[in-house]
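Observations on the three-dimensional arrangement
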Amino acid sequence: MNTRYFFLTLLTAILIHFAASRLLPGFPVAVDVFLVVTILNALSGDSLTGLLGGLICGLLHDALSGEAYGLHGFADTLVGYATARVAQRLATRRIAGLLAILLSAAVLQQAVLILMGVALNPDHNLPEPLWVAVRVVSGSLLGLALYLFTLRTRDRMAEARRNRRSRLRLE
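Residues numbered from 1 in each chain as written. Predicted model: local features only at pLDDT ≥ 70, side-chain atom pairs only at ≥ 80, totals over all residues. Heavy atoms only, no water.

What to know about the overall build of the chain
Our working rule: In this description a helix means any DSSP run of H or I spanning at least four residues, a strand means any run of E spanning at least two, and both kinds are numbered starting from the N terminus. Only protein chains enter the accessibility calculation, which uses a 1.4 Å probe; a residue is then buried when its area is under 20% of its type maximum, exposed when over 50%, and partly exposed in between. Pairs of residues are marked as contacts when any of their non-hydrogen atoms sit within 4.5 Å. Note on areas: these come from Shrake-Rupley sampling with a 1.4 Å probe, and a residue is covered only by the protein chains present in the view. Lys and Arg are tallied as positive, Asp and Glu as negative. Neither His nor the chain termini are counted. Charged side chains are reduced to one point each, which is NZ for Lys, CZ for Arg, CG for Asp and CD for Glu.
Each helix and strand counted, the chain has seven helices and zero strands in total. Per-residue burial for the chain yields a buried fraction of 36% across its 171 residues. Summarising the internal contacts of the chain: among those between residues at least 6 apart in sequence, 68% fall at separations of at least 24. In the form shown here, the chain has an accessible surface area of approximately 10200 Å², with 66% of it arising from carbon and sulfur atoms. Of the charged side chains in the chain, 16 are positive and 10 negative; the average position of the first set lies 16 Å away from that of the second.

The following block contains the structure:
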């Protein structure tokens with residue numbers, strides 16, 4: 001994902017976060033749109049891009065959620081880097097491999113958030129296991145849907161370019 005698309009998807013995630021939080025107060029508990037942006041950015045396979053994208057998304061999530069500042073920043077940075085490293089080695093065009101990467105990244109983020117929350121504050125209330133599972137599944141499915149949508153859009157645009165070029169040569 002290039003820089004322009006990253007910031008465009010990040011802006012979209014911010015708007016979705018604000019709008020959905022106003023309409024459905026429980027939305028941020030069930031869906032982490034910033035994690036989806038982090039994972040989609042890291043699927044390009046570039047470690048530095050995944051690392052920086054995760055850092056930006058995580059710190060922005062911390063700033064907008066009012067939770068401990070740096071908690072999501074650390075977790076999303078780790079998730080972005082790990083996802084980029086895994087994407088370098090696995091075929092991400094196959095749905096099974098892509099879903100495995102998305103699920104693993106979401107589980108890793110939740111595990112880091114819980115462990116860091118307990119390490120920073122021993123009296124930290126652990127999240128409900130049901131909501132952790134809902135957040136993992138919802139983030140993974142949303143990420144899968146968006147990734148497949150962007151792949152199809154990219155393929156259609158490339159095909160339209162090829163058709164346009166072939167028409168220009170014929171005339």
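Considering the packing of aromatic side chains
Within a pair of aromatic rings, the relevant descriptors are the distance that separates the centres and the angle that separates the planes. Using the following cut-off: Pairing of aromatic side chains here covers Phe, Tyr and the six-membered ring of Trp, requires ring centres within 6.5 Å, and sorts the geometry by plane angle: under 30 degrees stacked, over 60 edge-to-face, intermediate tilted. Two conditions define a charge located above a ring, namely a distance within 6 Å from the ring centre to NZ of Lys or CZ of Arg, and an angle within 35 degrees of the ring normal.
Under the definition given, this model contains one aromatic pair. Where Phe-6 meets Phe-7, the ring centres are 5.1 Å apart and the plane angle is 70 degrees; that geometry is what we call edge-to-face. Given a relative accessible area of 5%, Phe-6 falls into the buried group. Judged by relative accessible area, Phe-7 falls into the partly exposed class, the value being 43%. Positioned over the ring face of Tyr-5 is Arg-4, at 5.4 Å from the centre of the ring.

What to know about helix α4 (residues 47-65)
Let me state the cut-off plainly: For a helix, the expected span equals 1.5 Å multiplied by the number of residues minus one. The arc under discussion is defined with respect to the helix axis, by the directions toward the C-beta atoms.
Along its 19 residues, α4 runs 26 Å from first to last C-alpha, staying within 8% of the 27 Å computed at 1.5 Å per residue. Among all positions of α4, only Ser-47, Gly-50, Gly-53, Gly-54, Cys-57, Gly-58, His-61 and Asp-62 are buried. The arc that holds every buried residue of α4, seen down its axis, measures 160 degrees, which confines them to one face. Exposed side of α4, more than 90 degrees from the buried face: Leu-48 and Ala-63 are the residues found there. Positioned one or two residues after α4, Gly-66 has a phi angle of 80 degrees, which is positive.

Considerations on the packing of helix α1 (residues 3-23) against helix α3 (residues 33-42)
Filter applied, for reference: Here an angle of 0 to 180 degrees is reported between the N-to-C directions of two axes, which are lines fitted to C-alpha atoms, with helices fitted over the stretch in contact. Geometric relationships in this document are graded by angle, where less than 35 degrees denotes roughly parallel, more than 145 denotes roughly antiparallel, 65 to 115 denotes roughly perpendicular, and other angles denote oblique. Left-handed describes a crossing whose near helix is turned anticlockwise from the far helix by less than a right angle; the clockwise case is right-handed. Amino acids are sorted into nonpolar (Ala, Val, Leu, Ile, Met, Phe, Trp, Tyr, Cys and Pro), charged (Asp, Glu, Lys and Arg) and polar (every other residue, Gly among them).
One way to put it is that α1 packs onto α3 with a least axis distance of 9 Å and a crossing angle of 165 degrees. Between α1 and α3, the crossing angle belongs to the class labelled roughly antiparallel. For α1 against α3, the interelement crossing comes out right-handed. Touching Phe-6, Thr-9, Leu-10, Ala-13, Ile-14, Ile-16 and His-17 of α1 are Val-33, Phe-34, Val-37 and Asn-41, all from α3. Of the residues contributing to the contact of α1 with α3, the split by class is eight nonpolar, three polar and no charged.

Concerning α1
The following threshold applies: What qualifies as a polar contact is a pair of N or O atoms within 3.5 Å, subject to a donor-acceptor requirement within protein and to the restriction that residues adjacent in sequence count only when both atoms come from side chains.
Between its terminal C-alpha atoms α1 stretches 30 Å, which fits the 30 Å expected from 21 residues at 1.5 Å a residue. Among all positions in α1, only Phe-6, Leu-10, Ala-13, Ile-14, His-17 and Ala-20 are buried. With its buried residues spanning 150 degrees around the axis, α1 presents them on a single face. Among the exposed residues of α1, those pointing more than 90 degrees away from its buried face are Arg-4, Leu-15, Arg-22 and Leu-23. You can read the cap of α1 off the contacts: a side-chain oxygen lies 2.8 Å from the backbone nitrogen of Arg-4, and it is on Asn-2.

Remarks on the side chain of Asp-62
In plain terms, the rule: Between Lys or Arg on one side and Asp or Glu on the other, a salt bridge is scored when a side-chain nitrogen of the former is within 4 Å of a carboxyl oxygen of the latter.
Tracing the backbone shows Asp-62 in helix α4. Of the side chains with opposite charge, Arg-135 lies nearest to the buried Asp-62, which makes no salt bridge, at 8.9 Å. Apart from the residues lying within four places of it in its own chain, the contact partners of Asp-62 are Glu-67, Ala-68, Tyr-69, Gly-70, Leu-71, His-72 and Gly-73.

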